[in-house]
Every structure is written in structure tokens, then in C-alpha cells.
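One letter stands for each residue in the lines below.
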Amino acid sequence: MKQNILRKKLIQIFKKNKLSDSHAKTVSDYLVKAEILDASSHGLARLKMYCDRIRKKVINPKPKIKIKKISSSISHIDADNSIGFVAADIGIKEAIKNAKKTGIGLVAVKKSGHYGLSSFYAEQAVKNNLLVFCFTNAPAAIAPYGAKKSLFGTNPICFGAPTGKTPFILDASTSMINRGKIRRASKLGQKIPYGVALDKNGNITTDANKALKGTQLPIATFKGSGLAWMVDILSGVLTGSSHSGKTKDPFDDFSGPQNMGHLFITINPKIFSGNNFLKEMKKNISRIKKLPKAKGFKSILYPGERKNNTYRKNLNKDISIPPKILKELNDLHDK
């Protein structure tokens, strides 16, 4: 499907679900961008879930979002159970504004929901020549190290830095693969990679449905578990949001809003290095890229380069939509 047609359909769907024109455009732009990036686990596969949650009144389509200014650098946002894309977009823009004024921005968001890829928001800060950290919690998917029950979400860690060219953006979940990939595999009847999840009996499984009932494996065993815990504290406990396994699963639990939390930290590098930051970043990247290549590698890429190449390659291409997801899209559009 052509991107402009898909975007138009999505906007119409979200407007039918009572989102304002601007909020419908924000959500639709991010969903299309996920597809362009080949991050289909965070794209159209989630469309029906967002609409279901709006219809069941656990996402507020007309939120009264409040920004509490704590200082010229710090803001606390009550998203009023809005769709996560909108809450996070407001949050990162506030963090950027604060950092431009004082050199640093710290913004906490509560009463939000799933916001897609963290890189969406990191990119905005980097384009404003800022360093950025983005944190968000998620529904239980990973068992803490030493436990046999899922509690932490896949809780991604995202860091961005300007380079003068392609932004350096590391966006990584603390699980072996993100949960959206397992959800999409389940929807489409596909297998998942070996060694990324356990079934409810603690056995490694490639069955997506069994993985959803079991637990996902963290990166680097206890280190990954510790990082997931760190994100749970930063985006859950600190922001005043759900945490320690209390974040509701958006696909399965309609008993109330998710109350997810996000934390954005933006830093103007000039406060420490003046105008030398980009020059030193270029040196840093150049030195690493000149290292001898390991067997099978033609080049050394920094985080963000591969995703940027994918985006440029797909920017003007039609988006391929699996039949089952296309049917969901058309059903939601024609209702």
C-alpha cells in the first residue's frame, strides 16, 4: 500500500475513534514510520489493540494533559491516560525546550501507554543537537534473575547523540527480542527464534503462543535483568506510574489504563565541551571505524546507521501488509 494512502486511512480510523485531528496525525505518522523502518512489531500489528483500548475506555481519546513546571529544567506530565504516542511526543518536546533554556531537560510522564519505538523521540532531541536518554516501562515479560515468574517488562533503554551526520541512536530492549515481535508472530502463525523465550514450564520454545504464556529471556542473564529493573525504577517508581509487574498488558488486560511511565533526559553538550563536541564525536567514530574488521564484517556500524539506511531505502516504497493485518486495517476503516 502506498504510504500516503496508508497514512490517510490511519488518520481516518483514529478520528473515528474520537482522537483529535492533531493526535490522529501524530499516532498515524509514528505507525507508518515503524513500517518504513521494518519495525513491523511496533507498527500496524498493534493498530487493532489501540482501537480496542480506546473503545473499551482504557485509553482516553480526549485527554486533558497537564504539564507541571517544577523548575526551568524539570517538568512532570500527567498524560490523563492518553495514547502513548501523544504523551511521549509532548514529553520529549518539553524536554528539548527545557534543555535549550538551561542546558538540561528532565521530564517525567505518568498515566500514559505504549509509545512505540523509543528512537522516535530520541531522534527529535538529536536533531536539536542534544544528547538524550529515553526510558519507558512495559507489561510483565521478563522474570527477575533468580525468579521463575515474569515481572519486569522488556523495558527498553535508548540513548542518542548528534554526530553531524547520521544520528547515533541506541534503542534496545532488555530482552533478547522485543515482545512486539512475539505478538506479531503469534498473530501471523509464525515461529520465534530459538533461545529467546521459555514456555510456562520453563522450557525453551519457538512457539509464539507458548512464549506469551511463559517468560522472555533477558539479555546477558543477570545484567539484563538488572537493567530491566533499573528502567522499572526510572520510568515507573520515579515518575509515579505503575511498576513491579503492575503495568497492564495492552492486548489482554482491559480492566483499566496501563498507567505506563516515561522518563526523558536531554543534555546540551555545549555546557561541557563548547563547540568541540561534534568535532570530538567525529574523531571517536572515525577511530572505531578504522579498527581491523572481524571475520565476515565489511564495516563497523555505530548504532543508528543500519536503521537510517533502512529508512532511506524504504522511504518511497509501498508498504507490504500481511493479509490478516490488512483485513484488520480495512475492517477498522470501514466501520
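The notes below deal with the structure included here.

**Concerning the overall build of the chain**
Here is step 1: When helices and strands are counted, the chain shows 12 helices and 9 strands.
Here is step 2: Its C-alpha atoms give the chain a radius of gyration of 20 Å, within 12% of the compact-globule value 20 Å for 335 residues.
Here is step 3: Expressed as lengths along the three principal axes of its C-alpha atoms, the size of the chain is roughly 55 × 50 × 45 Å.
Here is step 4: Within the chain, contacts between residues at least 6 apart in sequence are counted, and of these 65% link residues at least 24 apart.
Here is step 5: Just so you have it, the chain exposes about 16,500 Å², and 56% of that area is on carbon and sulfur atoms.

**Topic: the pairing of strand β3 (residues 104-112)**
Here is step 1: Across 5 bridges, strand β2 (residues 74-78) lies against β3 in parallel orientation. Bridge pairing links H76 to A108 in β3.
Here is step 2: You can see the chain leave β2, run along helix α4 (residues 84-102) and come back into β3, and the turn it takes is right-handed.
Here is step 3: Bridge analysis of β3 against strand β9 (residues 260-267) gives 7 bridges, and the strand direction is antiparallel. Residue pairing in the sheet places A108 in a bridge with L263 of β9.

**Some thoughts on helix α12 (residues 323-334)**
An α-helical segment advances 3.6 residues per turn. Residues three or four places apart therefore align on the same side.
Here is step 1: Relative to the 16 Å expected for 12 residues at 1.5 Å per residue, α12 spans 16 Å between its end C-alpha atoms, a close match to the ideal helical length.
Here is step 2: Buried residues of α12: I325, E328, L329, L332 and H333, and no others. Along the long axis of α12, the arc covered by the buried residues comes to 130°, so they all point the same way. Counted as exposed and oriented over 90 degrees from the buried face of α12: P323, K327 and D334.
Here is step 3: Contacts made by the buried residues of α12 are with α1 (3-16), α3 (47-55) and α6 (179-188).

**Here's the deal with the environment of M1**
Here is step 1: One can find M1 in the segment before α1.
Here is step 2: In the structure, M1 is positioned 320 residues away from I321 in sequence and 7.4 Å away in space, judged by C-alpha atoms.
Here is step 3: Setting aside anything within four residues of it in sequence, one finds M1 in contact with L6, K9, D318, I319, I321, L326 and L329.

**Details of helix α2 (residues 21-36)**
Here is step 1: The end-to-end C-alpha distance of α2 is 22 Å, a good match for the 22 Å that 16 residues give at a rise of 1.5 Å each.
Here is step 2: By the criterion of burial, α2 is predominantly enclosed, with 12 of the 16 residues buried.
Here is step 3: Three or more residues of α2 are buried, namely H23, A24, T26, V27, S28, Y30, L31, V32, K33, A34, E35 and I36.
Here is step 4: Residues of α2 that are buried make contact with α1, α3, α4, α5 (119-127) and α11 (305-314).
Here is step 5: Where α2 ends, the next residue or the one after it, D38, has phi of about 65°, a positive value.

**Overview of the pattern of salt bridges**
Here is step 1: Under the criterion given, the structure shown has 16 salt bridges.
Here is step 2: Of the charged contacts, one joins D78 and K111 as a salt bridge, the two residues approaching to 3.8 Å between their closest N and O atoms. Here D78, found in strand β2, pairs with K111, found in strand β3; they are 33 residues apart in sequence, far enough to count as distant.
Here is step 3: Using a relative accessible area of 34% as the deciding quantity, one classes K111 as partly exposed.
Here is step 4: D331 is the partner of K327 in a salt bridge, and the nearest nitrogen-oxygen pair spans 2.8 Å. Pair noted here: K327 and D331 are both in helix α12, with a separation of 4 residues, about one helical turn.
Here is step 5: Note on K327: relative accessible area 53%, which makes it exposed.
Here is step 6: When salt bridges that share partners are traced, they join R7, K25 and D29 into one network.

Rules behind the numbers
Residues numbered from 1 in each chain as written. Predicted model: local features only at pLDDT ≥ 70, side-chain atom pairs only at ≥ 80, totals over all residues. Heavy atoms only, no water. Helix = DSSP H or I, 4+ residues; strand = E, 2+ residues; numbered from the N terminus. Rg over C-alpha atoms; globule rule 2.2 N^0.38 Å. Contact = heavy atoms within 4.5 Å. Areas by Shrake-Rupley, 256 points an atom, 1.4 Å probe, with all protein chains shown as cover. Pairing = 2+ DSSP bridges. Right-handed = clockwise from strand over helix to strand, strands pointing away. Expected span 1.5 Å × (residues − 1). Buried < 20%, exposed > 50% of the residue type's maximum accessible area, 1.4 Å probe, protein only. Arc of directions from axis to C-beta. Salt bridge = Lys/Arg side-chain N within 4 Å of Asp/Glu carboxyl O.

Just distances and angles here, no functional claims.
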